[in-house]
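Chain residues, written in single-letter form:
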Amino acid sequence: MKKFLLPLLFLFLFILESLYVQYVPVEILGRNSIVTPHFLFAALLFLTIYVGKKQGIIYAAIFGLLFDIVYIEVIGIYLFLYPFICYLVSKIMHIMQTNIVIAFLVSLLGIALLEVGVYEMDYLIHVTNLDFMSFINLRFYPTLIINAIFITIAGYPFKRLFEKHAEALRAD
Amino acid sequence: MPQFFLNKRLIILLVSIIVLVALIGFSLRERSKLSWPEQFVKDTTGWVQSLVSKPTNFVAGFFENLQDLTNTYDENKELKSRIENLASLEAQVQELKKDNKELRDVLDEKKTLRDFEPLPATVIGRNPDRWHEMIIIDKGKLNGVKKNMAVVTASGLIGKVKNVTQFSSTVQLMSSMDPKNRISAIIQGETPVYGLVEGYDKEKKLLIVKAIPSGAKIEKDQTVITSGLGGIFPKALMIGKVVEVKQDQYGLNQTALVKPGADFYDIQNVIVTKTNMIPVDAAETTDGKEEES
């Protein structure tokens, strides 16, 4: 059972993101805002911070691929960006000490990087023609606010869970 | 220089960028259907999603019903006033229908562009990154859904089927940007005016109808429907209402901004329109650019 706990958690978050956009009204933060949930990615970043680089990148690649196939239908965007940002975060954590506030800030930074990265890629392949400043106002700030709220709520349970998982890994 | 190439991380990064570009190129090219691993993954997750989304749909519906209860009195009043006109309207419709059928029999025209077979479906997922606006529905190839079929809600057209797998399919909403996604439309004035729905203004939340002849008179609040030309979308599906008309860049055409009839953000149940005018297979083999123009 314990073995399947992490994949099940990520799968749940994967579906939760889709449910979020389906049921939560889009104008939750005012008329001109588009909010993108990155709950799954926040959990992946916490996994990278608390368990380790290798685990984090493997899970990020698997769920990035799943995300691309199921939701985006353009394979490569999240498959590349999820593991890449997890790697960057693990590099940052080398020079920081691991506590919950630092984890919160670093994963928020990771989500910001992801949002900008996805925007740049979609701009490159002509999925969007939004200019950068309207992107920042329309999507970037609202997305960061909602995800910050999510991390404040779910950050501590994630930390407990992943620390336990890391201990179990060390015991093996 | 040799040391530069020996750097393992750099090589991994370069290789992964090459793989990334190859994969994006592979998935962006015009594909008539998805490769089988993709179909398999989509079907499996579609099954899990429908397991989760059916109960949530039920719960959300319950709360919506509660909300509806609060406005019951006002709604009832308005509906009562409307129902008085309904009886006479119904008689008229009957008469017109009969007329239409008789005239068609005289002309020996059995099929119209209007005909379609409705297939109700439930939304089981939606793309969380709101760049590619797509929803996933629970009807697939086994239910007779085919690529490029129009998808509507009770209040209007929302998009077309982008990809089909065995048990589920993805619908590309009209609010997503795709230069290949053009829909021939009629603006219903005194004389019908033809135009093409091309794109969506994300900030104003309005559809953009282009290529309207410059002489045509268009006013606010005129209804826009699909024309059925192109043979893939049926005729007379509601698109929206005109909000604003402006001259094109060079003054040759007009552009209308249209408020969509359907809400693109609150979609739970949809109807897939199965046309039987021409086999959709035949259209599938043509280049995607001409499919809906």
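As the structure is a prediction and not an experimental result, all values here were calculated from the model.

This paragraph deals with the overall build of chain A. Helix and strand counts for chain A stand at six helices and zero strands. Ordered by position from the N terminus, the helices and strands of chain A form the series α-α-α-α-α-α. Its C-alpha atoms give chain A a radius of gyration of 16 Å, near enough to 16 Å, the size a compact globule of 172 residues would have. By principal-axis analysis of the C-alpha atoms, chain A measures approximately 50 × 35 × 30 Å. A total of 172 residues make up chain A; the buried ones form 45% of that total. When contacts within chain A are restricted to residue pairs at least 6 apart in sequence, long-range pairs at least 24 apart make up 69% of them.

Before going further, it helps to examine helix H4 (residues 77-95) of chain A. For H4 of chain A, with 19 residues, the first-to-last C-alpha span of 28 Å sits near the 27 Å given by 1.5 Å per residue. Buried within H4 of chain A are the following residues: Ile77, Tyr78, Leu79, Phe80, Leu81, Tyr82, Pro83, Phe84, Ile85, Cys86 and Val89 of chain A. For H4 of chain A, the secondary structure elements touched by its buried residues are helix H2 (39-50), helix H3 (53-72) and helix H5 (100-124) of chain A together with helix H2 (8-28) of chain B.

A separate point is the sheet that holds strand S3 (residues 150-153) of chain B. Residue and element names in this part refer to chain B. In space, the six strands of this closed barrel follow the order S1-S2-S5-S4-S3-S12, with antiparallel pairing throughout. Ignoring which end each strand starts from, the neighbouring axes of this sheet average 45 degrees apart. When S3 meets strand S12 (residues 269-275), the two strands line up antiparallel, connected through two bridges. Counterpart to Val151 in the pairing with S12 is Val272. Where helix H3 (residues 36-70) meets the sheet, it contacts strand S1 (116-126) and strand S2 (134-137), and its direction lies at approximately 90 degrees from that of S1.

Residues and elements named next belong to chain B. With antiparallel pairing, six strands are arranged side by side around a closed barrel as S6-S7-S8-S11-S10-S9. Averaged over all pairs of adjacent strands, the angle between strand axes in this sheet comes to 45 degrees, irrespective of strand direction. With five bridges connecting them, strand S8 (residues 206-213) and strand S11 (residues 253-260) associate as antiparallel partners. Of the residues in S11, the one forming a bridge with Val209 is Ala256.

With that settled, the discussion passes to the interface of chain B and chain A. Each side of the interface is counted separately: chain B has 31 residues, and chain A has 32 residues. In terms of residues, the side of chain B that touches chain A owes the most to one element, H3 of chain B, which gives 10 residues. Looking at the side of chain B that touches chain A, its residues break down into 13 nonpolar, 11 polar and seven charged.

On to the packing of H2 of chain A against helix H6 (residues 132-171) of chain A. Residue and element names in this part refer to chain A. Put simply, H2 and H6 touch, their axes get as near as 9 Å, and they point 40 degrees apart. By the angle between their directions, the pair H2 and H6 is classed as oblique. In this structure, H2 crosses over H6, and the sense of that crossing is right-handed. Residues Phe39, Ala42, Ala43, Phe46, Leu47 and Tyr50 of H2 pack against Asn147, Phe150, Ile151, Phe158, Lys159, Phe162, Glu163 and Ala166 of H6.

With that settled, consider the domain arrangement of chain B. Residues and elements named next belong to chain B. Under the domain assignment, chain B is made up of domain 1 (36-107) and domain 2 (112-278). At the junction of the two partners, domain 1 supplies nine residues and domain 2 supplies 10 residues. Taken together, the residues of the side of domain 1 that touches domain 2 sort by class into one nonpolar, six polar and two charged.

Before going further, it helps to spend a moment on unusual backbone geometry. Residue and element names in this part refer to chain B. The phi dihedral of Asn148 falls on the positive side, at around 75 degrees, and the residue is not glycine. Topologically, Asn148 is positioned in the loop between S2 and S3. Overall, the presence of 20 C-beta atoms within 10 Å leaves Asn148 in the buried class. Positive phi, close to 60 degrees, is recorded for Ala211, a residue that is not glycine. Judged by C-beta crowding, with 18 C-beta atoms within 10 Å, Ala211 ranks as partly exposed.

A separate point is H5 of chain A. All names here are of chain A. Taking 1.5 Å of rise per residue, 25 residues should cover 36 Å, and H5 covers 36 Å from first to last C-alpha, within 8% of that figure. Within the span of H5, buried status applies to Ala103, Val106, Ser107, Gly110, Ile111, Leu114, Glu115, Val118, Tyr119, Met121 and Asp122. In this fold, the buried residues of H5 make contact with H2, H4 and H6. Positive phi shows up at His126, right after H5, with a value of about 60 degrees.

Cut-off values and rules
- Residues numbered from 1 in each chain as written.
- Chains lettered and ligands numbered in written order.
- Predicted model: local features only at pLDDT ≥ 70, side-chain atom pairs only at ≥ 80, totals over all residues.
- Helix = DSSP H or I, 4+ residues; strand = E, 2+ residues; numbered from the N terminus.
- Rg over C-alpha atoms; globule rule 2.2 N^0.38 Å.
- Buried ≥ 20, exposed ≤ 12 C-beta atoms within 10 Å, placed from the backbone.
- Contact = placed C-beta atoms within 7 Å.
- Expected span 1.5 Å × (residues − 1).
- Pairing = 2+ DSSP bridges.
- Axes fitted to C-alpha atoms, helices over the stretch in contact; angles between N-to-C directions.
- Nonpolar A, V, L, I, M, F, W, Y, C, P; charged D, E, K, R; others polar.
- Parallel < 35°, antiparallel > 145°, perpendicular 65-115°, else oblique.
- Left-handed = near helix turned anticlockwise from the far one by under 90°.
- Domains from an automatic or database assignment.

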